[in-house]
Amino acid sequence: MLMRGSIDPMRVTPVPDAIELLKTRRSVKPREMTGPGPSPAELETILTIGARVPDHGKLAPWRFIIFEGDGRQRAGEVIAKVFARKNPGAPAADVETERKRLTDAPLVIGIVSFTKPHPKVPAFEQELSAGASAMNIVTAATALGYGACWLTGWFSFDRDVLDGLGLKPDEKLAGLVHIGTPTKPSEDRPRPFLSEIVTRF
């Protein structure tokens, strides 16, 4: 597995450690993360890799929002206020759970997806590009030795929350990638057998 360090950008042949990383990568639950998170240089690397994805038409139909430090709490306040307003009978403990949605990991990256009218690039392809960006961010963070987890949740699809987080009316949240130092080894989950998901035409 690749750990923290430099990666040779000139390599054009498969690197065994990279293949092993892709074969063994797994998500780490945010509640099983702690600090430290990525350094500013590592975050720049992660975001650079997040922007290096298939992008038909060179439209760059995605952008990133960084939640770290107090920004995580401020985002949590937005989520909690919307939740409390829409669930007036909710126990205080439930509201507090919503308030802490982004506070487990030291860094959370929001991947914002938007589409642009284009005669050759349908909206679906642009949305897939945003998904590829999120996956690249997860993989890059893992390659640097961090735990990472791509999540959504009710608030990722709630227009009031999205407005409160600064998304424009035509923007969606493809997901939130939580990144931090794992506090324990992560157990793998069952994966599909290739015989069940592969056919030949």
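Since the structure is predicted, the reported quantities are computational estimates derived from the model, not experimental observations.

Rules and cut-offs
Every chain begins its residue count from 1, and numbering advances along the sequence as written. Given that the model is predicted, a residue must reach a pLDDT of at least 70 before its local features are reported, and side-chain atom pairs must reach 80 or more before they are shown or counted; all residues, however, enter totals for whole chains, interfaces and linings. With hydrogens and water set aside, each side-chain value is computed from the structure's full complement of heavy atoms. The helix count covers DSSP runs of H or I at least four residues long, the strand count covers runs of E at least two residues long, and both are numbered beginning at the N terminus. This radius of gyration counts C-alpha atoms alone. The globule rule is 2.2 Å times how many residues there are, raised to the power 0.38. Summary of the burial criterion: residues with accessible area below 20% of their type's maximum are buried, those above 50% are exposed, and those between are partly exposed, where the area comes from a 1.4 Å probe applied to protein chains only. The accessible surface values rely on the Shrake-Rupley method and a 1.4 Å probe; as for residues, cover is taken only from the protein chains in view. Every axis corresponds to a line fitted to the C-alpha atoms, with the helix fit spanning only the stretch in contact, and the corresponding angles, defined between N-to-C directions, vary from 0 to 180 degrees. Helix crossings get a hand from a simple test, with the near helix turned counterclockwise from the far one by less than a right angle marking a left-handed crossing and a clockwise turn marking a right-handed one. Any pair of residues with heavy atoms lying within 4.5 Å of one another is described as a contacting pair. Three classes are used, and their members are as follows: Ala, Val, Leu, Ile, Met, Phe, Trp, Tyr, Cys and Pro are nonpolar, Asp, Glu, Lys and Arg are charged, and the others, Gly among them, are polar. UniProt positions are given in the numbering used here, feature names are shortened, and annotations may be inferred rather than shown by experiment. For the purposes of this section, nonpolar cores are sets of buried Ala, Val, Leu, Ile, Met, Phe, Trp, Tyr and Cys residues that join through side-chain atoms within 4.5 Å. Salt bridge, as used here: a side-chain nitrogen of Lys or Arg that lies within 4 Å of a carboxyl oxygen of Asp or Glu. Here the arc refers to the directions that run from the helix axis out to each C-beta atom.

## Thoughts on the overall build of the protein
Item 1. A tally of helices and strands in the protein yields 7 helices and 5 strands.
Item 2. The C-alpha atoms of the protein give a radius of gyration of 18 Å, which matches the 17 Å a tight globule of 201 residues would have.
Item 3. Its C-alpha atoms give the protein principal-axis dimensions of roughly 55 × 50 × 40 Å.
Item 4. Put simply, the protein has 201 residues, and 36% of those count as buried.
Item 5. Accessible area of the protein: about 12200 Å², with a carbon and sulfur share of 58%.

## Looking at the packing of helix α2 (residues 40–50) against helix α5 (residues 123–143)
Item 1. Relative orientation of the contacting elements α2 and α5 amounts to 145 degrees, with a least axis distance of 8 Å. For α2 against α5, the interelement crossing comes out right-handed. Counting all contacts with α2, which are made through I46, I49 and G50, the residues of α5 involved are S133, N136, I137, A140 and A141.
Item 2. Looking at the contact of α2 with α5 residue by residue, the classes come out as 5 nonpolar, 3 polar and no charged.

## Considering the UniProt feature "domain: Nitroreductase" (unreviewed entry) in the protein
Item 1. This chain's UniProt record puts "domain: Nitroreductase" (unreviewed entry) on residues 23–180.
Item 2. Annotated as 41% helix and 19% strand, the span residues 23–180 places its first and last C-alpha atoms 21 Å apart.

## Some remarks on the nonpolar core
Among soluble globular proteins, nonpolar side chains are generally buried collectively.
Item 1. The biggest cluster of nonpolar side chains holds 18 residues, and the ones touching the most others in it are I46, I109, I111, I137, A148, V177 and I179.
Item 2. If you list the elements that add at least two residues to this core, you get α2, β3 (107–113), α5 and β5 (172–182).
Item 3. With 6 residues, the single largest contributor to this core is α5.
Item 4. Those residues in contact with I46, other than ones at most four positions away along the chain, are P38, I109, I137, A140, A141, L144 and I179.

## Structural notes on the side chain of E32
Item 1. As for its position among the elements, E32 is in the loop between α1 (16–24) and β1 (33–34).
Item 2. The contacts of E32, once residues within four sequence positions are left out, are T181, P182, T183 and K184.

## Quick look at the pattern of salt bridges
Item 1. Throughout the structure, instances matching the rule amount to 12 salt bridges.
Item 2. Taking the shortest distance from any N to any O, the salt bridge between K86 and D158 comes out at 2.6 Å. Of this pair, K86 sits in helix α3 (residues 70–86) while D158 sits in the loop between β4 (147–151) and α6 (159–164); the two residues are 72 residues apart in sequence, bridging distant segments of the chain.
Item 3. On the basis of relative accessibility, which here comes to 9%, the residue D158 falls in the buried class.
Item 4. A salt bridge links D163 to R159; the shortest N-O distance between them is 3.2 Å. Highlighted residues: D163 and R159, both in helix α6, separated by 4 residues, approximately one helical turn.
Item 5. Judged by relative accessible area, D163 falls into the partly exposed class, the value being 41%.
Item 6. Owing to a relative accessible area of 30%, R159 belongs among the partly exposed residues under this scheme.
Item 7. What you see here is one network of salt bridges that share partners, running through E77, E96, R99 and K100.

## Regarding the UniProt feature "binding site: FMN" (unreviewed entry) in the protein
Item 1. Taking the UniProt record as the reference, the feature "binding site: FMN" (unreviewed entry) is found at R25, R26, S27, R52, H56, W150, L151 and T152. Taking the farthest pair of C-alpha atoms as the criterion, the annotated set spanning 128 residues is dispersed, since that pair is 28.1 Å apart.
Item 2. Turning to its location among the elements, R25 is positioned in the loop between α1 and β1.
Item 3. Tracing the chain through its elements places S27 in the loop between α1 and β1.
Item 4. Given the relative accessible area of 36%, S27 is considered partly exposed.

## Details of α2
Item 1. Along α2, the residues that are buried comprise E42, L43, I46 and G50. End-on view of α2: buried residues confined to an arc of 100 degrees, all on one side of the axis. Counted as exposed and oriented over 90 degrees from the buried face of α2: P40, A41 and E44.
Item 2. Buried residues along α2 sit in contact with β2 (62–68), β3, α5 and β5.

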